[in-house]
Amino acid sequence: MTATQDEREALDCGFAQVQSVFDDCLAYARSKLSAEGITAYIEGAHAICKTGRGEEPVLLFLEEMPQVAAQLGEAVIPEVVAFTLKLARSPNSPAIAPFLQSLAAAARALESRPLFTEYLHLVMQTMERTMPRVHGIDSMYASPCLPDFLKSVPFLLSQLSLGGLRNWADYGIRNYANDPDRQRDYFLLQSTDSRAVFQRERHGTLLVDHERKLDLYLRGLWATQVNFAPYSLAFDTLRKPLPYLDHLGIHLPDAYDDFILPSPAGGRGAGGEGERLPSGGIVISGLDRYRALLAHIHAHRLWTTPLQADNLSPFQRIAIEVLEDSRVEYLAMRKYPGLRKLWCALHPIPGEGACPEGQSCLRHRMFTLSRALLDPQHGYRNPAILKYAERFHSVMAAGNTTTDSMIALGVQFIAETRVASDSSADIYFADTEVSYRDDNRLMWKFFEEGDEEETASKPVRAQRVEEARDEKLPPRLYPEWDYGSQHYRPDWVSVYEHLHGSADAAYIDKLLAKHHALAKRLKKIIDLLKPQHKVRVRYQEEGSELDLDIAIRSLIDFKCGITPDPRINMSHRHDGRSIAVSLLLDLSASLGDVPEGCTQSKLELGQEAVSLLAWAIEEMGDPFAIGGFHSDTRHEVRYLHFKGYQERWDAKAKARLAAMEAGYSTRMGAAMRHAGHYLAHQEADKKLLLVLTDGEPSDIDVKDPRHLIEDARIAVRELDRKSIYTYCINLDPKADEYVTDIFGNHYTVIDNIQRLPERLPQLFLALTR
């Protein structure tokens, strides 16, 4: 639903970019706010627009405020507007944009209106205390470090309490009052003092303070010495790292908080180490957590031998890892019985039957078994848990066990207890994270390093944007990597999705006819690569054809008054090839240029190449999608859909490709993250993201040319962690200067652009052979 004329008049903001995104932002706000909230939202945007501080504050307010108001209540809108106007009337107007950018992260971290109000007071105090003064009189100069402080707030609040943030800011204000440059470094987390105070405010037990004690602990327990390689849990925003052992030593966190163990229900458990609380709970100190971790990892060093992983499924490997963890702990406890008490205190107690029906309960079953193997007083009654606990103890009592001894137990446990919902993507994680155990990477070796087996197919339905048709979707917010400060700017880029307009599909057919001879050569290669066998997939609610046997059985059930099985369809899949492909097209303005020596523009050559590639992939039978992107600052990255994974390569998709146009800039990192979001949901063994571009990432609001290159490089790493292989086809003769920084050696530079229609399909066939 677009904005009404009254709403546009109430906004009364003449910035072209604000007008272009107002409909999308308002549609998103309507899904979060009441009618009164919408009125306050528009009035707030109007007030900020009239401050005369440019379009950036208005765009940020429109994007961030609905989420903040939904989290804290709609009464927060006028409070934020009043605070923004106060900044605008002071010399500190440059801080408005980072202030508005910090709102969503502050709302998520603080979660309550009173704490959010305290946050606003903290920002105001920081501004007032860091403004230069002359003879004690307030000056008309802006605070030099307030924008830097606000840029760091999203990260700081993800790691510190509001009190910790106040203490951290207070230290920087007091100790660098007469040195603005060092104060800026402090608030950007670039100085040694800044990180040291940050670590102090995080609380917990610091490894550096207890390293000698832990070294003596290992010497006394195991008569060994090992190097410690600490890592920080504070600065890794993508995933939570786990301890592990490699040739450099034991990698472990640089700080551990005290662990509070609730009072066990019904007297279950084997007791615990540490101080008891009045509530009956137990506090395990950070130092004891380090001891538990080191004892476990060194038990692996003594008794674990690597296994070949390639012939085991992911489920089987999980089971074997849990059993091997229990085996080495059993051997360690036989030598030092007191370890049982410490490990039992830190090991979670999964509730029997706690995993809801329909979720994947595999982890829950495995760690229920792990608890049963560790704690003799576990109290579980599940027959499978009791059976395998008894078998485990029988194997251990026989003596001379090895890591290989756990293979048969793990494989048999999975085979005997597995249910259909184990393959669900909705995994039950509660009480399944054992904080003192490592990631078990030392247990496995592979024929080809890194070529690990993927998990079973995930029943996650791929999101189909094409179903939305002409609906306007709310902006999707993505982080962007700031290589200067070495952390993410959260919710920094707004990506808007649209279904591309259409033209005459016959134009694409003419392009294919033009390259008929090339298509004929490609067809011979395709016939050799195409899987020759198809496998029926039965019991489908939606499929390509009716399964007569199931349909007749359902009809008989219906006639007999029994609820019929609705899964009366079947489909087919290829046996031996499982590839999903996303083709991401750079649609920036430079695509309209005509290269020297050519009669066609890059856009026209790209249309020919993409048409041939789409035909080739369709002939192979692989699911694929085609999307394009361009950007006009971080507030408006447009992602245009030409073809979805579930669509056929038919007249509708061809019509959209025929209407392809070039314009604006190239914010590549956000576009790759968005394309990867859809590709990650495809059920395929291999996922390939092909990026076709003619230049380096750039945008009109970015002055440092390295900024977007570094962000794109980090985006490629993120996709790699999701098992998505990214490959770039670049049409820029100077691409060697930057493309390696982003894609490594996964790229091809096409110097002779006239050969693009020939090279693009050939590259795809070579990559998926």
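Above this text is the structure in question.
This report concerns the structure included in the present document. (Residues numbered from 1 in each chain as written. Predicted model: local features only at pLDDT ≥ 70, side-chain atom pairs only at ≥ 80, totals over all residues. Heavy atoms only, no water.)

**Thoughts on the overall build of the chain**
Part 1: Counting its regular elements, the chain contains 27 helices and 23 strands.
Part 2: When each of the 769 residues of the chain is scored for burial, the buried share is 52%.
Part 3: Once local pairs closer than 6 in sequence are excluded, the contacts in the chain between residues at least 24 apart make up 73%.
Part 4: Surface exposure of the chain reaches about 35500 Å², of which carbon and sulfur atoms provide 50%. (Helix = DSSP H or I, 4+ residues; strand = E, 2+ residues; numbered from the N terminus. Buried < 20%, exposed > 50% of the residue type's maximum accessible area, 1.4 Å probe, protein only. Contact = heavy atoms within 4.5 Å. Areas by Shrake-Rupley, 256 points an atom, 1.4 Å probe, with all protein chains shown as cover.)

**Thoughts on helix α5 (residues 76-88)**
Part 1: With 13 residues, α5 extends 18 Å between its outermost C-alpha atoms, agreeing within 8% with the 18 Å of an ideal straight helix rising 1.5 Å per residue.
Part 2: Along α5, the residues classified as buried are Val76, Ile77, Glu79, Val80, Val81, Phe83, Thr84, Leu87 and Ala88.
Part 3: Elements in contact with the buried residues of α5: α3 (35-49), α4 (55-72), α6 (96-110), α7 (113-130) and α8 (146-159). (Expected span 1.5 Å × (residues − 1).)

**What to know about the pattern of salt bridges**
Part 1: What the rule picks out here adds up to 39 salt bridges.
Part 2: The salt bridge partner of Glu79 is Arg113, with a shortest N-O separation of 2.8 Å. In this pair, Glu79 is assigned in helix α5 and Arg113 in helix α7, connecting sequence segments 34 residues apart.
Part 3: A relative accessible area of 29% means that Arg113 is categorised as partly exposed.
Part 4: Here Arg667 ties to Glu480 by a salt bridge, and the two come within 2.8 Å at their closest N and O atoms. Here Arg667, found in the loop between α23 (651-658) and α24 (668-679), pairs with Glu480, found in strand β13 (residues 476-482); they are 187 residues apart in sequence, far enough to count as distant. The residues Arg667 and Glu480 share a single accessibility class, namely buried.
Part 5: Because the salt bridges share partners, they merge into one network encompassing Glu480, Arg667, Asp699 and Asp701. (Salt bridge = Lys/Arg side-chain N within 4 Å of Asp/Glu carboxyl O.)

**Focus on the nonpolar core**
Part 1: The biggest cluster of nonpolar side chains holds 72 residues, and the ones touching the most others in it are Tyr41, Tyr119, Phe149 and Trp168.
Part 2: Among residues more than four places away in sequence, those in contact with Tyr41 are Cys25, Leu26, Ala29, Leu33, Phe61, Leu62, Met65, Pro66 and Ile77.
Part 3: Membership of the second largest hydrophobic core comes to 63 residues, among which are Leu339, Ala372, Ile414 and Leu442. (Core = buried A, V, L, I, M, F, W, Y, C linked by side-chain atoms within 4.5 Å.)

**Some remarks on the sheet that holds strand β14 (residues 487-499)**
Part 1: Taken together, 8 strands build an open sheet; the order of strands is β13-β14-β20-β19-β18-β21-β22-β23 and the sheet is mixed. In this open sheet, the two strands that pair with only one neighbour each are β13 and β23 (747-749). Strand after strand, the sheet turns through a mean of 25° between neighbouring axes, direction not considered.
Part 2: Each of β13, β14, β18 (579-586), β19 (624-631), β20 (637-643), β21 (686-693) and β22 (724-730) touches α24; the most contacted strand, β21, lies at about 150° to it. (Pairing = 2+ DSSP bridges. Axes fitted to C-alpha atoms, helices over the stretch in contact; angles between N-to-C directions.)

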